[in-house]
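Chain by chain, the residues run as shown.
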Amino acid sequence: MEAEHDELFYITEATLEADDDEEDEHVYQEVAVDSASSSDQEEDWDAIVKRVKEKKSQNLNLSVSTTNAPEVTVTQPSEVVDDFVRNFLLRMGMLRTLHCFQTEWYEMAQTGRLRQSADNPSLPDVYSQNRQLDKEVEMTKAEMEHYKEAANIAKQKYVKMKKERDYHRMHHRQSLQEKNKLITDIKRMRKHYSSYEPAMQQLKQKYETATREKMLARLERDKTITELNNLQSTLACLRPLSDNTGRSQPAPVVNAAPRTPAHVPSRYDIADNKPVEPQTVSDTVTTSIIGKTRKEFSFPHNQANPYLSQTLPICAHLTRTGGFKMTHSFQAHDCGISRLCYHPTKPLVVTCSDDHTWKLWNLPGGELLMTGEGHKDWLGGADFHSSGLYLATCSGDGTVKIWDFTKSQCMLTLSEHIQPVWGCSWHSTADVLASASMDHTIRIWDVNGKRCVLTLRGHADSVNSVQFLPYSSVLCSCSADRTVSLWDCRTGLCCHTFYGHEHSCNYAAVNVKADTIASGDSFGHEHSCNYAAVNVKADTIASGDSFGHAFLWDVRGYSEPQATLQFGSCSINQLEFDLNRKILAVASNDGIVKMHVLDTEKTSQLEGHTDAVQSAIFDQRCTMLISGSSDGTVAVWE
């Protein structure tokens, strides 16, 4: 054995030549073809069924034996040395050395010099494990590089987020500093303005006292002038008697120019319910109240009130079981509805909205007939002409527009007001329009002449509403100076002024008899009064405030209200009487229309709107009620 191990081996290149005789000595065996397998004879059916059953039983036995057999584990044999060398040379790229190794190895195997047990030993497991570990190390390094790149990206994102956090934190601190500064400024301003509060209250009291004294002095002046005129007339009657007795003396001359002629109704005449004779103005050029030379405008004569002799229908809310129910509802505007106006003869209603437009609707279906566009600001009110052919609208842009339905266009724009116009009213029998504005004035317009014929000045603050007494030239107005006034449009003089409001008066209305006035102030009953309504006979007026109180007034000189009604704590936006003064409809800020029966003092509620109800009106026969809301919808109750 030692001699064999010490023997030297050399690798030499040799060429092997094949022997032709050896090739010829190889004997090939011929494979016979089984003729039975290619037999075309048909097997019978019983043999086929028997063969299938035997196959099935063999498969069943094989599955049972497989189930009972022990679990077989596969072990990977150790890699031999020659395979390890081959793989090493191949992995290192030593192809020529691999070729030489292969040649010499197989030559030794053919000659028998290579023994399987001793000369071809197995490679120890440690080498295989080392190689496997090298592979795992390489994979781990690759994963580590991948994770390192991800960590670098995450680090960059973290640095970026940290910078953003610092940036937002800095801005947050700046915002906190600005907020604290604003809070400090607000506190300082509140403290500064609180020092002016006592002075403002004192000035307010002085102003109210001065205004009250001014109005009282005006009334006393009017009364004194009337007495002087009567005294002058008496002296003129006594002059012929002194001439006949021979003791003629010159009559005293009164130099005070009378502002109120003897035939002009005074506040005492209205309070005593005396008849007022109309004044006929000659068609001559004179100097008017506004100080311009023009042709004097002639108002129509007062006429008898036709409602006084008529039998008025009873409201359907009293005759129907359960009262009014909502039958129709439609979306009229995208913005809130500020006021509704019903046509005098047809089932039509006009809606005024904050979207600068008005729309004409057919009832009760709610078909849109016409849309009026032209105002540049919100619409505050509208009023139909007695003929129903014209519509007057007023807006926050300071204009009053007259719309002609026959031509479907605006026929006239009146723009002499310099501030927003709150309301307008047509005369019952003439083409005369009155408008109330924030500029402290009331303007009387001759629509045919397209001009302002009279400007009534006397209110010390914004005039919030205006309304003609039915079939009369007397006008009722209310103002933010906490007064309600009656004006004679034939002379431009204030006939009577009602005192009692403690805050701004927002609306006033009169009945047809012109013996009752309704007014509401901005805090009516110590809260804001938003609307006032009057029944068709004009003997009662209702006013409502922002705290849900309503007042009934008599125009015939009574200073105290007839009744005080409570409709919750929400603001009252409008009130409306039925024709017989049996029901008072109240549009409230809580989205509910309240129907109050005056005789029984019972109140029912009409619910259906989702926002504040701004307006509620009856039709001509009181068979249905129409309401408009801030949600832009119109509801019809029948």
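To keep things clear, this report deals only with the structure shown in the data block. (Residues numbered from 1 in each chain as written. Predicted model: local features only at pLDDT ≥ 70, side-chain atom pairs only at ≥ 80, totals over all residues. Heavy atoms only, no water.)

## Focus on the packing of aromatic side chains
Any aromatic ring pair is given by two values, namely how distant the centres are and how the planes are angled relative to each other. Scanning all chains against the criterion turns up 6 aromatic pairs. Look at Trp358 and Trp403: their rings are 5.3 Å apart centre to centre, the planes differ by 70 degrees, and that puts the pair in the edge-to-face class. With a gap of 45 residues between them, Trp358 in strand β6 (residues 357-362) and Trp403 in strand β10 (residues 400-404) connect regions that are remote in the sequence. For the pair formed by Trp358 and Trp403, the shared burial category is buried. For Trp358, a relative accessible area of 1% puts it in the buried group. (Phe/Tyr/Trp six-rings, centres within 6.5 Å; stacked < 30°, edge-to-face > 60°. Helix = DSSP H or I, 4+ residues; strand = E, 2+ residues; numbered from the N terminus. Buried < 20%, exposed > 50% of the residue type's maximum accessible area, 1.4 Å probe, protein only.)

## Section: the side chain of His596
Along the chain, the position of His596 falls in strand β28 (residues 592-597). A polar contact of 2.8 Å, which involves the side chain of His596, links it to the side chain of Thr603. Apart from the residues within four sequence positions on either side, His596 is in contact with Leu565, Phe567, Lys582, Ile583, Leu584, Glu601, Lys602 and Thr603. (Polar contact = N/O pair within 3.5 Å; in protein donor to acceptor, adjacent residues only side chain to side chain. Contact = heavy atoms within 4.5 Å.)

## A few points about the pattern of salt bridges
The final tally for this structure, using the stated rule, is 6 salt bridges. Residue Asp488 pairs with Arg490 through a salt bridge whose shortest N-O separation is 3.1 Å. The class for Asp488 is buried, based on a relative accessible area of 1%. On the basis of relative accessible area, Arg490 is assigned to the buried category, the value being 9%. (Salt bridge = Lys/Arg side-chain N within 4 Å of Asp/Glu carboxyl O.)

## Looking at helix α4 (residues 81-92)
Its 12 residues give α4 an end-to-end C-alpha distance of 16 Å, which sits within 8% of 16 Å, the value for a rise of 1.5 Å per residue. Every buried residue of α4 is accounted for by Asp82, Arg86 and Leu89. Angularly, the buried residues of α4 cover 70 degrees about the axis, an arc narrow enough to put them on a single face. Each element contacted by the buried residues of α4 is listed here: α5 (95-111). (Expected span 1.5 Å × (residues − 1). Arc of directions from axis to C-beta.)

## Re the environment of Val453
Residue position: Val453 is located in strand β15 (residues 451-457). Val453 gets classed as buried once you look at its relative accessible area, which sits at 2%. Sequence separation between Val453 and Arg443 is 10 residues; the distance between their C-alpha atoms is 7.7 Å.

## Some details on the packing of α4 against α5
Where α4 meets α5, the closest approach of the two axes is 9 Å, and the angle between their N-to-C directions is 160 degrees. Put simply, α4 runs roughly antiparallel to α5. Like other packed secondary-structure pairs, α4 and α5 cross with a definite hand, here left-handed. Contacts from Asp82, Val85, Arg86, Leu89 and Leu90 in α4 reach Leu95, Thr97, Leu98, Phe101, Gln102, Trp105 and Tyr106 in α5. (Axes fitted to C-alpha atoms, helices over the stretch in contact; angles between N-to-C directions. Parallel < 35°, antiparallel > 145°, perpendicular 65-115°, else oblique. Left-handed = near helix turned anticlockwise from the far one by under 90°.)

## Quick look at the sheet that holds strand β30 (residues 613-618)
Within the open sheet, the 4 strands sit side by side as β3-β32-β31-β30. Their pairing is antiparallel. Among the strands making up the open sheet, the edge pair consists of β3 (326-331) and β30. For this sheet the average axis-to-axis angle between neighbouring strands, irrespective of direction, equals 15 degrees. Where β30 and strand β31 (residues 625-629) come together, 5 bridges link them in antiparallel fashion. In the sheet register, Val613 faces β31, and the bridge partner there is Ser629. (Pairing = 2+ DSSP bridges.)

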